[in-house]
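Fold and geometry: a report
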Amino acid sequence: MSINAEDIQAPQLKDLSIVRNEQKELNIAPVHHLDRAFKTATFGMGCFWGAESLYGGTRGVLRTTVGYAGGTKDQPTGDHTEVLEIDYDPTVISYQQLLHIFWNNHEYGLTTVIKRQYMSLILYHDDEQKQIAELSKAKEGKRRTPEVITTEIAPKRNFYPAEDYHQKYRLQGHRDLSETLNLNSKLLRTSYVATKLNGYLVGVGGVEQFKTEVDTMGLTPSQKEYCYHYIEKNEGQGLYC
């Protein structure tokens with residue numbers, strides 16, 4: 001007799017005292033910061049919710065923050081674009097590899113001119129990133145001929161973090177789990193474990209990759225069980241906004 005995955009009840013975290021007791025007895029705490037050298041990339045590729053999950057579940061990505069950048073005004077209004085800032089470990093993933101993900105995962109706007117809020121945008125942080133991005137765009141343009149890539153490449157001059165409800169949007173949909181991670185306004189923007197779970201919970205990376213990283217996150221047995229359920233359920237599904 002086969003069992004439908006939808007018939008299996010999802011693990012619950014509503015009794016938060018169970019997780020709190022595990023954290024105390026096992027001396028486990030959510031890992032919000034990893035002391036690793038990192039570099040930063042900034043991309044605009046449509047709605048930033050999906051992009052943040054996509055990169056969060058990518059090996060080598062340490063932190064993600066959604067926000068607004070690229071405009072001329074001193075406030076995130078008018079001509080700014082929804083972007084994602086990515087802190088990554090260059091010994092694990094390269095800027096070129098981040099760009100490969102960028103070119104192949106736009107929700108819209110890569111070859112279609114749309115309003116600036118959702119446009120395709122690369123904001124480089126140094127001359128090396130500029131050179132790599134320009135060469136990468138030229139190569140991608142040849143591959144996509146006769147389509148014309150609309151992506152703009154410009155220096156990163158400003159960045160305004162988005163409102164709290166936009167940060168780690170998919171993770172915040174798991175309210176009980178989020179509460180056990182002790183997230184506040186700052187940690188929604190900077191937390192390592194929040195970054196990773198925001199991707200993994202919607203299936204990015206998959207179960208096997210999650211197994212290789214889960215012990216870096218400071219999760220209790222109950223939290224792990226909860227995460228495994230949703231990662232397995234959502235693995236292979238597409239991202240959306």
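The rules we used
Residues numbered from 1 in each chain as written. Predicted model: local features only at pLDDT ≥ 70, side-chain atom pairs only at ≥ 80, totals over all residues. Heavy atoms only, no water. Helix = DSSP H or I, 4+ residues; strand = E, 2+ residues; numbered from the N terminus. Rg over C-alpha atoms; globule rule 2.2 N^0.38 Å. Buried < 20%, exposed > 50% of the residue type's maximum accessible area, 1.4 Å probe, protein only. Contact = heavy atoms within 4.5 Å. Areas by Shrake-Rupley, 256 points an atom, 1.4 Å probe, with all protein chains shown as cover. Lys, Arg positive; Asp, Glu negative; His and termini not counted. Charge placed at Lys NZ, Arg CZ, Asp CG, Glu CD. UniProt positions renumbered as here; feature names shortened; annotations may be inferred. Core = buried A, V, L, I, M, F, W, Y, C linked by side-chain atoms within 4.5 Å. Polar contact = N/O pair within 3.5 Å; in protein donor to acceptor, adjacent residues only side chain to side chain. Axes fitted to C-alpha atoms, helices over the stretch in contact; angles between N-to-C directions. Parallel < 35°, antiparallel > 145°, perpendicular 65-115°, else oblique. Nonpolar A, V, L, I, M, F, W, Y, C, P; charged D, E, K, R; others polar. 1 Å grid on protein atoms, 1.4 Å probe; cavity = no way out; pocket = protein on both sides within 12 Å on 5 of 7 lines; lining within 4 Å. Points joined across faces, edges and corners; volume = space filled by probe spheres on them. Pairing = 2+ DSSP bridges. Phe/Tyr/Trp six-rings, centres within 6.5 Å; stacked < 30°, edge-to-face > 60°.

1. Description of the overall build of the protein chain
The number of helices and strands found in the protein chain is 10 helices and six strands. Radius of gyration (C-alpha) of the protein chain: 19 Å, near the 18 Å computed for a compact globule of 241 residues. Counting every position in the protein chain, which comprises 241 residues, the buried fraction comes to 50%. The long-range fraction of contacts in the protein chain, counting pairs at least 24 apart against all pairs at least 6 apart in sequence, stands at 76%. Approximately 12400 Å² of the protein chain is accessible, and the part contributed by carbon and sulfur atoms is 49%. Here the protein chain contributes 27 positively and 31 negatively charged side chains, and the mean placements of these two sets differ by 4 Å.

2. Quick notes on the environment of Thr112
As for its placement among the helices and strands, Thr112 is situated in the loop between helix H3 (95-103) and strand E4 (120-124). When the C-alpha positions of Thr112 and Ser222 are compared, they lie 45 Å apart, and in sequence the two are 110 residues distant.

3. Digging into the UniProt feature "domain: Selenoprotein methionine sulfoxide reductase A helical" (unreviewed entry) in the protein chain
The feature "domain: Selenoprotein methionine sulfoxide reductase A helical" (unreviewed entry), as given by UniProt, occupies residues 183-228 in the numbering adopted here. Taken as a whole, residues 183-228 contains 67% helix and 0% strand, while its terminal C-alpha atoms sit 20 Å from one another.

4. Notes on the UniProt feature "domain: Peptide methionine sulphoxide reductase MsrA" (unreviewed entry) in the protein chain
Following the UniProt record, the feature "domain: Peptide methionine sulphoxide reductase MsrA" (unreviewed entry) maps to residues 40-172 here. Structurally, residues 40-172 comprises 30% helix and 26% strand, and the distance from its first C-alpha atom to its last is 24 Å.

5. Details of the nonpolar core
Ranked by size, the top nonpolar core spans 27 residues in total, and within it Phe43, Tyr55, Tyr95, Leu98 and Ile122 carry the most contacts. Secondary-structure elements contributing two or more residues to this core are strand E1 (39-45), helix H2 (48-56), strand E2 (61-69), strand E3 (81-88) and H3. Looking at this core element by element, the count peaks at six residues for H3. Leaving out residues up to four positions away in the same chain, Leu98 has contacts with Ala41, Phe43, Tyr55, Val61, Tyr88 and Ile93. Counting residues in each nonpolar core, the second largest holds 22 residues, with Leu181, Ala194, Val207 and Tyr226 among its members.

6. A few points about the side chain of Ser191
Looking at the element boundaries, Ser191 is found in the loop between helix H7 (185-190) and helix H8 (192-200). At 2.7 Å, the side chain of Ser191 forms a polar contact with the side chain of His32. In contact with Ser191, not counting residues within four places along its chain, are Val31, His32 and Leu183.

7. As for the packing of helix H9 (residues 206-213) against helix H10 (residues 221-234)
Running from N to C, H9 and H10 cross one another at 150 degrees; their axes reach a closest spacing of 8 Å. One finds that H9 runs roughly antiparallel with respect to H10. Between H9, through Gly206, Val207, Phe210 and Lys211, and H10, the contact on the second element is made entirely by Cys227, Tyr228, Ile231 and Glu232. Residues that form the contact of H9 with H10 fall into these classes: five nonpolar, one polar and two charged.

8. Thoughts on the layout of surface pockets
Considered as a void within the structure, the largest pocket measures approximately 230 Å³ in volume. In terms of lining residues, the largest pocket is bounded by 18 residues, among which Gly50, Leu54, Asn105, Leu239 and Tyr240 are the most central. Per-element tally for the lining of the largest pocket: the top contributor is H2, with three residues.

9. Thoughts on the sheet that holds E1
Pairing in this open sheet of six strands is mixed, and the strands run E5-E4-E1-E3-E2-E6 from one edge to the other. Each edge of the sheet is formed by a strand with only one pairing partner; in this case those strands are strand E5 (152-155) and strand E6 (160-161). Bridge analysis of E4 against E5 gives four bridges, and the strand direction is parallel. Looking across to E5, one finds that Leu123 is bridged to Ala154. The sheet contacts of helix H4 (residues 127-144) involve E1, E3, E4 and E5, and relative to E4 the element is tilted by about 150 degrees.

10. A look at the packing of helix H1 (residues 16-25) against H10
Following both chains from N to C, one finds H1 and H10 inclined at 125 degrees, their axes separated by 8 Å at the closest point. Taken together, the axis directions place H1 and H10 in an arrangement best described as oblique. Across from Ile18, Val19, Glu22 and Gln23 in H1, the residues of H10 making contact are Pro221, Ser222 and Gln223. Tallied by class, the residues present in the contact of H1 with H10 amount to three nonpolar, three polar and one charged.

11. Considering the packing of aromatic side chains
According to the stated counting rule, one finds 10 aromatic pairs in the structure shown. An angle of 35 degrees between the planes, with centres 6.1 Å apart, marks the rings of Phe43 and Tyr95 as tilted. Taken together, the positions of Phe43 in strand E1 and Tyr95 in helix H3 put the pair 52 residues apart, joining distant regions of the chain. Judged by relative accessible area, which is 5%, Tyr95 ranks as buried. Ring geometry for Phe102 versus Trp103: centroids 4.9 Å apart, planes at 75 degrees, classification edge-to-face.

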